[in-house]
Amino acid sequence: MVKIERKGARASAAVAGVAAVMAVSACGGSGSATITGEGSTAQQKAMEHFSNVLTDKGGAVLDYTGSGSGDGIKKFLAGDVDFAGSDSPLKEDEAANAKTRCNGNDAWHLPLVAGPVALAYNLDGVENLTLSPTVLAKIFDSKITTWNDREIAALNPGAKLPSSRIVPVHRSDSSGTTDNFQKFLQLSAPQAWPYEHSKEFKGKGGSAASKSTGVGDTVKKTPGAITYVEWGFATENNLGVAAIDFGSGSVKLTAESAGKALDAIEFKNPGAKDLVVDADALFKSKADGAYPLILTPYSVVCSTGYSDEATAPALREAFSTILADGQEGLGELGYVPLPAGYQAKIKPTIDALK
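Residues numbered from 1 in each chain as written. Predicted model: local features only at pLDDT ≥ 70, side-chain atom pairs only at ≥ 80, totals over all residues. Heavy atoms only, no water.

If you look the protein up in an unreviewed UniProt entry, it shows as Phosphate-binding protein from Gordonia araii NBRC 100433. Quoted verbatim from the Sequence similarities (unreviewed entry) heading of the UniProt record, the comment on the protein is "Belongs to the PstS family." (UniProt positions renumbered as here; feature names shortened; annotations may be inferred.)

**Focus on the sheet that holds strand β7 (residues 130-131)**
Strand pairing in a sheet relies on backbone hydrogen bonds, with the paired strands running either antiparallel or parallel. Strands sit in the order β7-β12-β13 across an open sheet of three strands; the sheet is mixed. Only two strands of the sheet have a single partner each, and these edge strands are β7 and β13 (250-251). (Pairing = 2+ DSSP bridges. Helix = DSSP H or I, 4+ residues; strand = E, 2+ residues; numbered from the N terminus.)

**Section: the environment of Lys 286**
Tracing the sequence through the fold places Lys 286 in the loop between α10 (279-283) and β14 (294-295). For Lys 286, a relative accessible area of 54% puts it in the exposed group. If sequence neighbours within four positions are ignored, Lys 286 has contacts with Phe 246, Gly 247 and Ser 248. (Buried < 20%, exposed > 50% of the residue type's maximum accessible area, 1.4 Å probe, protein only. Contact = heavy atoms within 4.5 Å.)

**Comments concerning the domain arrangement of the protein**
When the domains of the protein are assigned, the result is domain 1 (34-114 + 296-351) and domain 2 (116-260). In this structure, domain 1 and domain 2 have C-alpha centres spaced 28 Å apart. On the domain 2 side, the residues contacting the 18 residues of domain 1 number 17 residues. Of the roughly 1300 Å² buried where domain 1 meets domain 2, counting both sides, 53% is carbon and sulfur surface. Taken as a group, Thr 41, Lys 45 and Val 336 account for 34% of the area that domain 1 buries against domain 2, more than any other trio of residues on that side. (Domains from an automatic or database assignment. Buried area = accessible area lost by both parts, 1.4 Å probe.)

**A closer look at the side chain of Glu 94**
Looking at where Glu 94 falls in the secondary structure, it is placed in helix α3 (residues 92-101). Although Glu 94 is buried, it forms no salt bridge, and the closest oppositely charged side chain is Lys 199 at an N-O distance of 4.4 Å. Other than its neighbours up to four places away in sequence, Glu 94 contacts Ile 73, Leu 77, Pro 89 and Lys 199. (Lys, Arg positive; Asp, Glu negative; His and termini not counted. Salt bridge = Lys/Arg side-chain N within 4 Å of Asp/Glu carboxyl O.)

**Some thoughts on unusual backbone geometry**
Notably, Asn 103 is not glycine yet its phi reads approximately 55 degrees, a positive angle. Inspection of the secondary structure puts Asn 103 in the loop between α3 and β5 (107-110). Classification of Asn 103 as partly exposed rests on a relative accessible area of 48%. A positive phi is found at Ser 142, a non-glycine position, where the angle reads about 60 degrees. Considering the arrangement of structural elements, one finds Ser 142 in the loop between α4 (133-140) and α5 (150-155).

**Here's the deal with the packing of helix α2 (residues 69-77) against α3**
Their axes nearest at 9 Å, the elements α2 and α3 cross at an angle of 35 degrees. Residues Ile 73, Phe 76 and Leu 77 of α2 form the contact with α3, whose participating residues are Glu 94, Asn 97, Ala 98 and Arg 101. Of the residues in the contact of α2 with α3, the class split is four nonpolar, one polar and two charged. (Axes fitted to C-alpha atoms, helices over the stretch in contact; angles between N-to-C directions. Nonpolar A, V, L, I, M, F, W, Y, C, P; charged D, E, K, R; others polar.)

**A few points about the nonpolar core**
Among the nonpolar cores identified, the biggest contains 104 residues, and Phe 76, Leu 119, Leu 131, Phe 140, Ile 152 and Phe 319 are the most heavily contacted of them. The element contributing the most residues to this core is helix α11 (residues 311-325), with seven residues. Of the residues that make up this core, three or more belong to each of domain 1 (34-114 + 296-351) and domain 2 (116-260). (Core = buried A, V, L, I, M, F, W, Y, C linked by side-chain atoms within 4.5 Å.)

**Digging into the environment of Leu 295**
Considering the arrangement of structural elements, one finds Leu 295 in strand β14. Judged by its relative accessible area of 1%, Leu 295 is buried. Sequence-wise, Leu 295 and Arg 150 are 145 residues apart; in three dimensions their C-alpha atoms are separated by 30 Å.

**Thoughts on the state of the cysteines**
Throughout the structure, instances matching the rule amount to one disulfide. Covalently, Cys 102 is tied to Cys 302 through a disulfide, its sulfur atoms 2.0 Å apart. Taking the torsion about the S-S bond as the criterion, the Cys 102 to Cys 302 disulfide, at about -80 degrees, is left-handed. Placement of Cys 102 in the loop between α3 and β5 and of Cys 302 in strand β15 (residues 298-302) is noted, with a sequence separation of 200 residues between them. (Disulfide = S-S within 2.5 Å.)

**Let's talk about the pattern of salt bridges**
Applying the stated criterion to the full structure yields nine salt bridges. Where Lys 99 meets Asp 106, a salt bridge forms, and the shortest distance between an N and an O atom there is 3.6 Å. Judged by relative accessible area, which is 42%, Asp 106 ranks as partly exposed. One salt bridge in this structure joins Asp 280 and Lys 183, with 3.0 Å as the shortest N-O distance. You can see Asp 280 sitting in helix α10 and its partner Lys 183 sitting in helix α6 (residues 176-188), a full 97 residues away along the chain. Accessibility expressed as a relative area gives 30% for Asp 280, which makes it partly exposed. Since its relative accessible area comes to 14%, Lys 183 is described here as buried.

In structure tokens form, the structure reads like this:
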């Protein structure tokens, strides 16, 4: 459980795994606090960046463990951490359990990070590669098995594609990235991807590895491999990143193309404080020049009802600082800095935490 203590006392929190430690200011600078979060590895690099930004602010300490969305939700529901990092919204039963955890109050979703999913590959001699949702669905379901398959060749005229075997790599752990990627395939290539999206991978065949670090490392070591992974992990491993033809021509993954998709994001319940992104509309988008395969990892928090009255003010101050001061430099890590208009939609929810 989280322990929050005033200045002059020691702030401590028991959190499983390796934590990223961040210093943030407590409410109005009135005291020190320790805040804990656990879950999504998709936002882990952003958390590390926020750590450097927030350390200079003093005050509270935030421990974040990147253990995967499934584990993070379990820890939040059990009351072991103050917030869960999840790449997908809570399911109906999880939302009900969260209400119990929050002493009869609703949990809210705060999309504080936006990161594109890259289709990262290791294919010697092929620097530019275009794929489509249908081709991706067939690759990850082992229906397309060689790189010179006619459907891949049709998307890459003139490219010298090898006849080598494709090694699709997916997450072995319960993963919000997997859930979102499969939802994207389900919506954008329904004829080729017959599976219901889930945090567990449903496709046939391929190789599996744990967490974002695991799939990135596996592709780096495996010629002919391809995976879906957060952009920062792809660039960290110096992997090729495929352009995607979403329906309006080939789109390379850049900060600009991802930002164009982010500008168009809508929430499922406009005007509500619970900010669940309308992923269906996002993933089905075919806007010219936009890259809509974007994850918006959530910080799942109690809207109110924390047992310790110091928790909500500490979270409120920490998230406000992240929103205001933590955006610069995110692009270099594979995330999309949140535009001012998007920040304006999030801030009222942060301010309402109590």
